[in-house]
Amino acid sequence: MIESVYSPDENRYVCGMKYRRAGKSGICLPEISLGLWHNFGGVDTLANGRRILHYAFDHGITYFDLADNYGPPYGSAEETFGQVMKSSFRPYRDELFISTKAGHDMWPGPYGNWGSRKHLMAGLDQSLKRMNLEYVDVFYSHRYDPETPLEETMQALVDMVRQGKALYVGLSKYPLDVAAWAYVYLKAHDVPCLLYQGRYSLLVRDPEKQGILAQAMENGAGFIAFSPLAQGLLTSRYLDGIPDDSRIARGGFLKKEALTEEVLRKVKALNELAGQRGQTLAEMSLAWLLKDGLVTSVIVGASSVNQLADNLKALDNTCFSEEELRRIEEILEG
Ligand SMILES: NC(=O)c1ccc[n+]([C@@H]2O[C@H](COP(=O)([O-])OP(=O)(O)OC[C@H]3O[C@@H](n4cnc5c(N)ncnc54)[C@H](OP(=O)(O)O)[C@@H]3O)[C@@H](O)[C@H]2O)c1
């Protein structure tokens, strides 16, 4: 079948998407972004991935989040994105904000992971080829490497910007004390950290509790929440069992052990509250993250266009009454 040439919806910037400034930078990002960790790999259907990417861009999503090892197999989500870049998105490159990361396991041998200059530089070059890009908008150090001097990792980020291969840099999952040093190093080298990316959802409150959110703000960086739906737990997906086509059933990173009775009880109570607000659980969970100015963007995953469409409806109501917020805390405290 010959694919028709893609032309994006001309109303993409007036259909409800809002944009927030990332810290103290010139960059505004959509409140909801799309991540390609799952559902865009070599094991998935290219046509479905392409449909989701088109739908996202048609609805004002400009930020697409990738990493070298997204798939499976490793590298294949970047290849999928590269194909869509070539076939659809090329004319719109300047409307897109694309990230990649390196630092997790990627290729065999001593240079295939962690935070050495050798790994990060080679990783970025490989990612650019797979994605059919000349540069990424932001390159993240995917995780802190306790064995490599932090100067080496940070200087590699600085040099990527100097080489023009990344416009900005970011940190992912760095512990508070290490991030404090990294922010200072990057700023001192005139490449301030644009974004901190951390796991944050109704079920995972670490960035609040550990001071990571406040630290990002103090350092002029935006905060990006990943797995905002707790990989699907904070949706209707598992309310009545484990569907065959779900992330848990497919044996991904979400294990069935995560769906404890306690979690299910909380999720059901949250679902009821969402219903009272006239939202799905997914919508309420995203709205809660966007209720104040602390989070720049939430990166959602989606295995279908319908899921992404549901998630985008979160933007219709991100206000919570004091009573609703109190009720949420009560439910979570169990
Ligand atoms: N920096 C890091 O280390 C790091 C780590 C993890 C993720 N990330 C980034 O964050 C992105 C998002 O992570 P995530 O995929 O875990 O996010 P998520 O939004 O918490 O979970 C996405 C999954 O939830 C389910 N889902 C989503 N919307 C739904 C809806 N409306 N109704 C029912 N189910 C729905 C789908 O599961 P099914 O597949 O079961 O349908 C989907 O694949 C990743 O793609 C990646 O870009 C970064």
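In what follows, the structure referred to is the one given above.
Residues numbered from 1 in each chain as written. Predicted model: local features only at pLDDT ≥ 70, side-chain atom pairs only at ≥ 80, totals over all residues.

Engineer: Hey, could you run me through the overall build of the chain in this one?
Structural biologist: Broken down by element type, the chain carries eleven helices and ten strands. Computed over the C-alpha atoms, the radius of gyration of the chain is 19 Å, within 12% of the 20 Å expected from 2.2 N^0.38 for a compact globule of 334 residues. Within the chain, buried positions represent 46% of all 334 residues. Within the chain, contacts between residues separated by at least 24 positions form 76% of all contacts whose residues are at least 6 apart in sequence. (Helix = DSSP H or I, 4+ residues; strand = E, 2+ residues; numbered from the N terminus. Rg over C-alpha atoms; globule rule 2.2 N^0.38 Å. Buried ≥ 20, exposed ≤ 12 C-beta atoms within 10 Å, placed from the backbone. Contact = placed C-beta atoms within 7 Å.)

Engineer: Quick question: what am I supposed to make of the environment of serine 285 here?
Structural biologist: Within the secondary structure, serine 285 sits in helix 9 (residues 281–289). When the C-alpha positions of serine 285 and alanine 230 are compared, they lie 9.4 Å apart, and in sequence the two are 55 residues distant. In contact with serine 285, not counting residues within four places along its chain, are Ser201, Leu202, Pro228, Leu229 and Leu234.

Engineer: What am I meant to see in unusual backbone geometry here?
Structural biologist: Note: most peptide bonds trans; most residues except glycine with negative phi. The peptide bond linking glycine 71 to proline 72 adopts the cis configuration, its omega dihedral lying at -10 degrees. Position of proline 72 relative to the elements: it lies in the loop between strand 4 (63–65) and helix 2 (76–89). The residue after proline 72, namely proline 73, is reached through a cis peptide bond having omega -10 degrees. As for its placement among the helices and strands, proline 73 is situated in the loop between strand 4 and helix 2. Unlike most non-glycine residues, serine 227 shows phi in positive territory, near 50 degrees. With respect to the helices, strands and loops of the structure, serine 227 is situated in the loop between strand 9 (222–226) and helix 8 (261–276). Even without glycine at this site, alanine 230 takes up a positive phi of about 50 degrees. Within the secondary structure layout, alanine 230 lies in the loop between strand 9 and helix 8.

Engineer: How should I be thinking about the packing of helix 8 against helix 9 in this particular structure?
Structural biologist: Any two packed helices are characterised by how steeply their axes cross, that is the angle between the axes, and by the distance between the axes. Closest axis-to-axis distance for the helix 8/helix 9 pair is 8 Å, and the angle between their directions is 85 degrees. The angle between the axes of helix 8 and helix 9 places the two elements in the roughly perpendicular class. Residue-level inspection shows Leu270, Asn271, Leu273 and Ala274 of helix 8 in contact with helix 9, the latter providing Leu281, Glu283 and Met284. A per-class count over the contact of helix 8 with helix 9 returns five nonpolar, one polar and one charged. (Axes fitted to C-alpha atoms, helices over the stretch in contact; angles between N-to-C directions. Parallel < 35°, antiparallel > 145°, perpendicular 65-115°, else oblique. Nonpolar A, V, L, I, M, F, W, Y, C, P; charged D, E, K, R; others polar.)

Engineer: Whenever I open this one, the pairing of strand 5 (residues 97–102) confuses me. Can you help?
Structural biologist: Look at any regular strand and the pattern is simple: side chains alternate between the two faces of the sheet. For strand 5, a buried count of six out of six residues is recorded, marking the element as mostly surrounded by other parts of the structure. Side chains Phe97, Ser99 and Lys101 of strand 5 all project onto a buried face; the interleaved residues Ile98, Thr100 and Ala102 project onto the opposite face, where all are buried too. In this sheet, strand 5 lies alongside strand 4 in parallel orientation, the contact comprising three bridges. Among the inter-strand pairings, phenylalanine 64 is bridged to a residue of strand 5, identified as isoleucine 98. The parallel pair strand 4 and strand 5, bridged by helix 2, forms a crossover whose chirality is right-handed. Bridge analysis of strand 5 against strand 6 (residues 136–141) gives four bridges, and the strand direction is parallel. Bridging from a neighbouring strand, threonine 100 pairs with phenylalanine 139 of strand 6. (Pairing = 2+ DSSP bridges. Right-handed = clockwise from strand over helix to strand, strands pointing away.)

Engineer: Looking at this structure, how should I read the site of the ligand?
Structural biologist: Taken together, 31 residues lie around the ligand, and Gly35, Trp37, Phe226, Gly232 and Gly301 are the ones closest in. Counting only elements with at least two residues in the shell around the ligand, the list comes to strand 10 (297–300) and helix 10 (305–312). With three residues, the single largest contributor to the shell around the ligand is helix 10. In terms of residue class, the shell around the ligand is made up of ten nonpolar, 16 polar and five charged. (Near = placed C-beta within 6 Å.)

Fair warning: the whole summary comes from geometry, so function is off the table for now.
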